[in-house]
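Survey of secondary and tertiary structure
If you want the building blocks of each chain, they are given just below.
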Amino acid sequence: MSTMVALARAQAFAAGQAQPIATVRHLHVHEQPLVLIPLAMAGEANAPLAAMLGTSFGEPQLLVVSQPRNRDERFAFAASLASHLVPYLTSFAVETEAIAVDRGRDVRYRFVDAPQVWVPNTGGVDFLRLFGRSTRFRQVDGDHPVPPSVPLLGRWLTFLAGASEMPGSALLLNAVQALGLHWATGQSGAEDNHLGSLVAWIESGASAAREAERGPVAGPATDPEFDNHVLAPLIADSDPALPSVLHDLLLPTWERMWRSLDLLRALPPGDRVASRWDGDRDTYSAYVQHLLEDGAPQPRRDGAVAAAARLQRLENAAARYAVQRAFDDPLVMAEYRLAGAAFGGVVTLANPDRVDDSGKRPVLRPRIMVATTETVRVEAGATLTSPARPGQKAKVISVAPTVTGSDVLLELSGGMGRKLVAEPGSVPAVGESLLLTTLSEAYRPGASFPDPSETPWTHGGPPSPSLSA
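**Structural notes on the sheet that holds strand 7 (residues 117-119)**
Strand order in the open sheet formed by five strands is 4-3-2-7-8, with mixed pairing between adjacent strands. With partners counted over all chains shown, the strands left at the sheet margins are strand 4 (61-64) and strand 8 (172-174), one partner each. Averaged over all neighbouring strand pairs, the angle between strand axes comes to 25°, with direction disregarded. For strand 2 (residues 34-40) and strand 3 (residues 48-54), the ladder comprises six bridges, and the chain directions are antiparallel. Bridged to Leu36 within strand 3 is Leu53.

**Looking at helix 12 (residues 330-339)**
Within helix 12, the full set of buried residues consists of Val332, Met333 and Ala334. Buried positions along helix 12 lie against helix 1 (3-15), helix 11 (304-328), strand 10 (342-351) and strand 17 (433-437). Two or three places before Leu331, at the start of helix 12, stands the capping residue Asp329, its side-chain oxygen 2.9 Å from that residue's backbone nitrogen. At the C-terminal side of helix 12, Gly340 shows a positive phi close to 85°.

**Considerations on unusual backbone geometry**
The backbone of His144 sits at a positive phi, close to 50°, despite the residue not being glycine. Residue position: His144 is located in the loop between helix 3 (122-135) and helix 4 (149-164). The phi dihedral of Ser238 is positive, around 50°, even though this residue is not glycine. Positionally, Ser238 belongs in the loop between helix 8 (224-236) and helix 9 (242-265).

**Remarks on the environment of Leu152**
Relative to the helices and strands, Leu152 is located in helix 4. The class of Leu152 is partly exposed, set by a relative accessible area of 30%. In the structure, Leu152 is positioned 144 residues away from Ala296 in sequence and 9.7 Å away in space, judged by C-alpha atoms. Sequence-distant contacts of Leu152, that is, excluding residues within four places in its chain, are made with Val86 and Leu291.

Procedures and definitions
- Residues numbered from 1 in each chain as written.
- Predicted model: local features only at pLDDT ≥ 70, side-chain atom pairs only at ≥ 80, totals over all residues.
- Heavy atoms only, no water.
- Pairing = 2+ DSSP bridges.
- Helix = DSSP H or I, 4+ residues; strand = E, 2+ residues; numbered from the N terminus.
- Axes fitted to C-alpha atoms, helices over the stretch in contact; angles between N-to-C directions.
- Buried < 20%, exposed > 50% of the residue type's maximum accessible area, 1.4 Å probe, protein only.
- Contact = heavy atoms within 4.5 Å.
- Polar contact = N/O pair within 3.5 Å; in protein donor to acceptor, adjacent residues only side chain to side chain.

Structural measurements only, silent on function.
In structure tokens form, the structure reads like this:
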């Protein structure tokens, strides 16, 4: 937990009201998302009991498995879920747009929009991942055949679950995590996993949250008391009242899911949210193309090289997402200012026309002086950037202490055009307030990984001669 979040939690506890920890929304909220609330049977590995889903608050669809231990009913449920979910996921694979690549020398195409699925919590994401794993390899012929929509559903669920692991992705989101990214409550992190309590903290305060804790959970697990006294007799007797009981159980969570979306929509989106959604549209477009060309299910587990490459992508995405959130949001950047990774100041001197001719050819290298009252923990030679001009680098020439703080002399490069005269507004002017940080959005090239056939047998490659002999 960061210092700022810890402070916000303390303030929320004292005030009895959730405190904002973001000034903008850090994720894309679709105009027509699909809300999905899965429910599983306790004591059975990934045995679906029910699901409530839909794209409209007023039209929830309820799917129920009357006997979760029955294999045929499970796959009938999967087919029914596929009939609702797959058409929504594929409905965006219609209109495309051309995107210039290779500096305009070529174009590629992606869909103009992509689907977005919401579940209540991380348990819902885990349920979809496991349910996708249990259905994507099923055969449509032979022994125990299933409808063709079942393995297709499994591949889509596996795709969504994989996308949810990518920091900043908005294809599959859970409400608890999304709300926790923007508000801090006065309760523990474990208690924040209760969607009803979390929403109550944000909307009404601590007293309402205590009342909400007594209400139904948001799945996928059910309350043990409900299991023993209500659910077990209904299943044992194949009682036709089961759908009605489950509808009443899921309806409060359904309402809170849509209220959560309204809370998030009330926040203005961050400047870099749209670019991350563009990346999601690329991911979605590529997977639709995969289904059209081959459609093979995802492997049960990654090989050594694929796992290493995926880990690097996740690490790079996490670092990029952290920087983008800080650049978009002053409250997030405040944490870096406390840690000394950023500081704010005012430009007191500026030489926008300075040219460095010490090299083979002259280059534009303006210098500015920034006066700051904050603690500066950077040394000469460090490279800084400003959220206002992310494409421009500022090299620290010197840091001189003053009575009120420090004077930082910076040499600028990039983001000023290709001539020896800076474009208007590209160099900070005297009197301009400037935020500088060691954070950077600069592209991080991927590592070079060997072909799986070139790895040792311990990592999936061919066995060595001594072992094969």
